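Listed below are the residues making up each chain.
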Amino acid sequence: MPRYKLTIEYDGTPFVGWQVQAAGLSVQGVLAEAVRRFSGEAAAVQGAGRTDAGVHATGQVAHVELARHWRPDTVRDAMNAHLRPHPVAVLAAEEAAEDFHARFSATGRRYLYRIIARRPDLVLERNRAWRVLRPLDAQAMAAGAARLIGRHDFTTFRAIGCQAASPVKTLDRLEVETVPLEGPGMEIRVHAQARSFLHHQVRSMVGTLVKLGEGAWTPDDVTAALEARDRTRCGPMAPSAGLYLAEVTY
């Protein structure tokens, strides 16, 4: 059966998350419905990662297996026609090897977290970034981020209900970038890259880095929290709205 690799973009605001759930609209669910409507097949859409409610994607990857052979551009365009008006788009579709799996074949995942520091409410960026009221010290945040790079037990930054077999992960990149804004305030972007992440790990790390940006923590506090292996030692978890699954590598 032909297998197709899909690269997907979505605004996570109206969804309960990627995964189909008993109640509520899911990204996986609307993609499967789009497949059904254009092909007549009830095919499962397997994603590279399960994003939470409100989390966005600019580079989510999924695969779907269909009984009939379709041109990849037909799969892309037909799915997009049936995805409207949901804020989901298939950016690319391509034929994949029979053993390709969006989740298990992945060698890395990159997330982006956006923070906008300004007093006025967000209007155009509402639900797409975390608004904080005061300027943040990006250099202090970067110094704290450096303490988390490498192979560690990330229990402190793990959701209580995380189902990963081990809390040990290798964080390849945690970079803090300042982006100038035309209007008031500043934007800070946090880039996180690893083979895989624990549930809520990125949002927990970002919330902790904001403590440094506010001047409430030092890099030594980050190290102490990491080494404590205690969820209660983590900074506040950042909201879902600022998080994007930006890229999956194979």
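Here the structure is a predicted model, which is why all the values come from computation and not from measurement.

**Concerning the layout of surface pockets**
Argument step 1. The calculated volume of the largest pocket comes to roughly 1,100 Å³.
Argument step 2. If you list the elements that add at least two residues to the lining of the largest pocket, you get strand 2 (45-47), strand 5 (108-117) and helix 4 (201-213).
Argument step 3. A total of three residues in the lining of the largest pocket trace back to one element, the largest contributor, which is helix 4.
Argument step 4. Broken down by class, the residue content of the lining of the largest pocket amounts to 15 nonpolar, 16 polar and seven charged.
Argument step 5. In this structure, the second largest pocket spans a volume of roughly 170 Å³.
Argument step 6. What lines the second largest pocket is Arg114, Ile116, Arg118, Leu122, Val123, Leu124, Glu125, Leu181, Gly183, Pro184 and Glu187.
Argument step 7. Each residue belonging to the lining of the second largest pocket can be placed in one class, and the counts come to six nonpolar, one polar and four charged.

**Considering the UniProt feature "domain: Pseudouridine synthase I TruA alpha/beta" (unreviewed entry) in the protein**
Argument step 1. UniProt feature "domain: Pseudouridine synthase I TruA alpha/beta" (unreviewed entry): in the numbering of this structure it lies at residues 8-104 and 145-250.
Argument step 2. In the segment residues 8-104, helix accounts for 26% and strand for 26%; the C-alpha atoms at its two ends are 17 Å apart.
Argument step 3. Across residues 145-250 one finds 24% helix and 30% strand; the C-alpha atoms that close the span lie 25 Å apart.

**Things to note about helix 5 (residues 219-228)**
Residue pairs three or four apart in sequence face the same way in an α-helix, which turns once every 3.6 residues.
Argument step 1. All of the buried residues in helix 5 are Val222, Thr223, Ala225 and Leu226. Across the axial projection of helix 5, the buried residues extend over an arc of 160°, all falling on one side. Set apart from the buried face of helix 5 by more than 90 degrees, the exposed residues are Asp220 and Glu227.

**Points about helix 2 (residues 72-83)**
Argument step 1. Under the 1.5 Å per step criterion, the end-to-end length of helix 2 is 16 Å for 12 residues, consistent within 8% with the ideal 16 Å.
Argument step 2. Of the residues making up helix 2, those classed as buried are Val75, Ala78, Met79, Asn80 and Leu83.

**As for the side chain of Asn80**
Argument step 1. Relative to the assigned elements, Asn80 resides in helix 2.
Argument step 2. Look at Asn80 and you get buried, because its relative accessible area is 14%.
Argument step 3. Beyond its immediate stretch of four places on either side in the chain, Asn80 contacts Ala89 and Val90.

**What to know about the UniProt feature "active site" (unreviewed entry) in the protein**
Argument step 1. UniProt records the feature "active site" (unreviewed entry) at Asp52, using the numbering of this structure.
Argument step 2. If you trace the backbone, Asp52 turns up in the loop between strand 2 and strand 3 (56-65).
Argument step 3. Here Asp52 falls in the partly exposed class, since its relative accessible area comes to 23%.
Argument step 4. In this structure Asp52 touches Val16, Gly17, His199, His200 and Arg203, once residues within four positions along its chain are discounted.
Argument step 5. At 3.1 Å, the side chain of Asp52 forms a polar contact with the side chain of His199.

Cut-off values and rules
- Along each chain, residues carry numbers from 1 onward, in the same order as the chain's sequence is written.
- Reporting in this predicted model follows two pLDDT cut-offs: at least 70 for local features of residues, and 80 or more for side-chain atom pairs to be given and counted; totals over whole chains, interfaces and linings ignore these cut-offs and use all residues.
- To get the side-chain values, take all heavy atoms of the structure and skip hydrogens and water.
- The pocket and cavity definitions rest on a 1 Å grid over protein atoms only: a 1.4 Å probe that fits but cannot leave marks a cavity, an open set with protein on both sides within 12 Å along at least five of seven lines marks a pocket, and residues lining either have an atom within 4 Å of a point.
- Grid points are joined across faces, edges and corners, and a volume is the space filled by probe spheres set on the points.
- Strands here mean DSSP runs of E at least two residues long; helices mean DSSP runs of H or I at least four residues long; both are numbered from the N terminus.
- Gly is put with the polar residues, along with every residue not named as nonpolar or charged; the nonpolar set is Ala, Val, Leu, Ile, Met, Phe, Trp, Tyr, Cys and Pro, and the charged set is Asp, Glu, Lys and Arg.
- UniProt positions are given in the numbering used here, feature names are shortened, and annotations may be inferred rather than shown by experiment.
- Throughout, exposure labels follow a simple rule: accessible area from a 1.4 Å probe, protein chains only, divided by the maximum for the residue type, with under 20% read as buried, over 50% as exposed, and the rest as partly exposed.
- Here the arc refers to the set of directions running from the helix axis out to each C-beta atom.
- How far a helix is expected to stretch is found by multiplying one less than its residue total by 1.5 Å.
- Note on contacts: a residue pair qualifies if any of its non-hydrogen atoms lie within 4.5 Å across the two residues.
- Polar contacts, as counted here, are pairs of nitrogen or oxygen atoms within 3.5 Å of one another; within protein the pair requires one atom able to donate a hydrogen and one able to accept it, and residues that are adjacent in sequence qualify only if both atoms are side-chain atoms.

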